[in-house]
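Analysis of the macromolecular model
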Amino acid sequence: MKGLIYEGPGRRSWATKPDPTIEDPTDIVVRIDSSTICGTDLHILKGDVPEVEAGTILGHEAVGTVVETGAAVTTLAPDDRVLVSCITSCGRCAFCREGHYGLCTGGGGWIFGHLIDGLQAEFARVPFADTSVHKIPDSLTDEQVLFLADILPTSFEVGVLNGGVKPGDTVAIVGAGPIGLAAILTARLYTPSRILAIDLADSRLARALEFGADAVVNNGREDAVDAILAMSDGLGVDVAMEAVGVPQTFELCTELIRPGGRVANIGVHGHSAAFHLEKLWIRDVTVTTGLVDTSTTPRLLRLIAEGRLDGTPFATHRFPLADTMAAYDVFAAPEQTGALKVVLEAEAAAPKAKSVAEPIGATA
Ligand SMILES: [Zn+2]
Ligand SMILES: [Zn+2]
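Described below are features of the structure shown in this document. What you see is a predicted model; the values in this text were computed from it and never measured. (Residues numbered from 1 in each chain as written. Chains lettered and ligands numbered in written order. Predicted model: local features only at pLDDT ≥ 70, side-chain atom pairs only at ≥ 80, totals over all residues. Heavy atoms only, no water.)

Re the packing of aromatic side chains
Selection criterion: Here a pair means two rings of Phe, Tyr or Trp (six-membered ring of Trp) with centres within 6.5 Å. Their orientation is stacked below 30 degrees between planes, edge-to-face above 60, and tilted elsewhere. To qualify as a helix, a DSSP run of H or I must reach at least 4 residues; to qualify as a strand, a run of E must reach at least 2; elements of each kind are numbered from the N terminus. Exposure categories follow from relative accessible area, calculated using a 1.4 Å probe and restricted to protein chains: below 20% of the type maximum is buried, above 50% is exposed, and the middle band is partly exposed.
This structure, assessed with the given rule, holds 3 aromatic pairs. With a centroid separation of 5.9 Å and an interplanar angle of 65°, the aromatic rings of F147 and F314 are classed as edge-to-face. Of this pair, F147 sits in the loop between α3 (142-146) and α4 (151-161) while F314 is found in the loop between α10 (297-305) and β14 (315-320), placing the two residues 167 residues apart along the sequence. Both residues of the pair, F147 and F314, count as buried.

Rendered as structure tokens:
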């Protein structure tokens, strides 16, 4: 089969590997129908995630069809359509028993495209299948559920739930890339009074307004602290979410919150950030961090099935799976391409061939 292979820092290829097979009785093998690329994949390609070995197939987000099940798999059968999520759960360790699948110590957690071959491929082996994949109702398209594999539960759990967004809160979201936009979308489930988005790019701020932000601040042109305080009675916001992953945006979040406010960090950080305890110790603030557990995926899936949540606007570009190399080029240059998420569609499974590599929908 073919897959997108990490060849070491700065190098990737669309190349052949042996078809995956059942290795453990709790495995399934799926044919990948739709997959997508994550900012984390770009970090891996930069060499920022050194535990990823050269030769590994990347990708941790997909919709697929079961082709084979291991002897111990009891809830899945060939031809079942499943969401393969970025997090795998052994179902038995202490963390999994508490729903903290992201912290799994039994061989799960984030393993696809990290510790084992991932999902940007024609087929994939899925460990701990009974406790890790989600069956998809026939009424939903791949694209309607694909972003449940990572960005929607990540923003919802690590941003909205960790941040404790409540009805009537004023919420600031720093960073309006896919994760920040997903935070806007899922924060709205809790009816905040206002959602304020902050970014350096006007194009991303325009997207933020489309996704439901009430006001935006370009912090390249104006002082975000002054602007946000002016929009929040001079006291600051109830919840600030960090959705970039650099020290400056985390530090900005700690300046935007009112006394008693909450900072929820979603971004992936590679450098230390200043934490101004000398200012914050008296302000009753809460700061949270975390990796997604995907424990809310069934809940988000119900909202999508009932039309109360729609992730399809994230799909700005579509490519045949075989053109994954070209899809990376588009995804890696969002300033030029406007890409949010690129959908990789397997030929046989695609209901119809869409125009290739052309922006669709969301910009209209
Ligand atoms: Zn991801
Ligand atoms: Zn576990």
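A short note on a negative patch on the surface
The criterion, for reference: What goes into a patch is any residue over 30% in relative accessible area without a salt bridge, connected to like charges within 9 Å or, for nonpolar side chains (Val, Leu, Ile, Met, Phe, Trp, Tyr), within 5 Å. The Shrake-Rupley method, run with a 1.4 Å probe, gives the accessible areas here. Residue values count only the displayed protein chains as cover. Here, a salt bridge means any side-chain nitrogen of Lys or Arg that lies within 4 Å of a carboxyl oxygen of Asp or Glu. Neither His nor the chain termini are counted; the positive set is Lys and Arg, and the negative set is Asp and Glu. Think of each charge as sitting on NZ of Lys, CZ of Arg, CG of Asp or CD of Glu.
A cluster of acidic residues, E222, D223, D226 and E255, forms a negative patch at the surface. Along the polypeptide, D226 turns up in helix α7 (residues 224-231).

Observations concerning the environment of D233
Mapping D233 onto the fold places it in the loop between α7 and β11 (237-242). Distance from D233 to R258, taken between C-alpha atoms, is 9.8 Å for residues 25 residues apart in sequence.

Here's the deal with the nonpolar core
Basically, it comes down to this: Joining through side-chain atoms within 4.5 Å is the link that ties buried Ala, Val, Leu, Ile, Met, Phe, Trp, Tyr and Cys residues into a set, and such a set is a nonpolar core. Between two residues, a contact is recorded if the distance between any of their heavy atoms is within 4.5 Å.
In this structure, L152, I184, M241 and F314 are the most contacted members of the largest nonpolar core, which totals 65 residues. Among all residues touching L152, those that are not within four sequence positions of it are F147, A182, L185, T186, L300, I304, G311 and F314. Formed by 18 residues, the second largest nonpolar core is a distinct cluster that contains V225, A227, A240 and V263.

Looking at the coordination of the zinc ion (ligand 1)
Stated precisely, the cut-off is as follows: Shown as donors are all N, O and S atoms within 2.8 Å of a metal ion, widened to 3.2 Å for Na, K and Ca; because water is not in the atom set, sites may appear incomplete.
On the protein side, the zinc ion (ligand 1) has C38 (SG), H60 (NE2) and D150 (OD) as donor atoms, found 1.8 to 2.2 Å from it. Linear spacing of the donor residues for the zinc ion (ligand 1) on their chain is C-x21-H-x89-D. Pair noted here: C38 is in the loop between β3 (28-36) and α1 (39-46) and D150 is in the loop between α3 and α4, with a separation of 112 residues, a long-range link. Pair check on accessibility: C38 and D150 agree, each one buried.

A look at the coordination of the zinc ion (ligand 2)
The condition is simple: Every angle between 85 and 135 degrees makes a four-donor site tetrahedral, while opposite donors more than 155 degrees apart, with all other angles between 65 and 115, make a four-donor site square planar and a six-donor site octahedral; other sites are irregular.
Within the protein, the zinc ion (ligand 2) binds to C90 (SG), C93 (SG), C96 (SG) and C104 (SG); these donor distances fall in the range 2.3 to 2.4 Å. Every donor counted, the 4 donor atoms about the zinc ion (ligand 2) form angles of 104 to 117° at the centre, which fits tetrahedral coordination. On the primary sequence, the residues serving as donors to the zinc ion (ligand 2) are separated as C-x2-C-x2-C-x7-C. Overall, the relative accessible area of 5% leaves C96 in the buried class. With relative accessibility at 11%, the residue C104 sits in the buried group.

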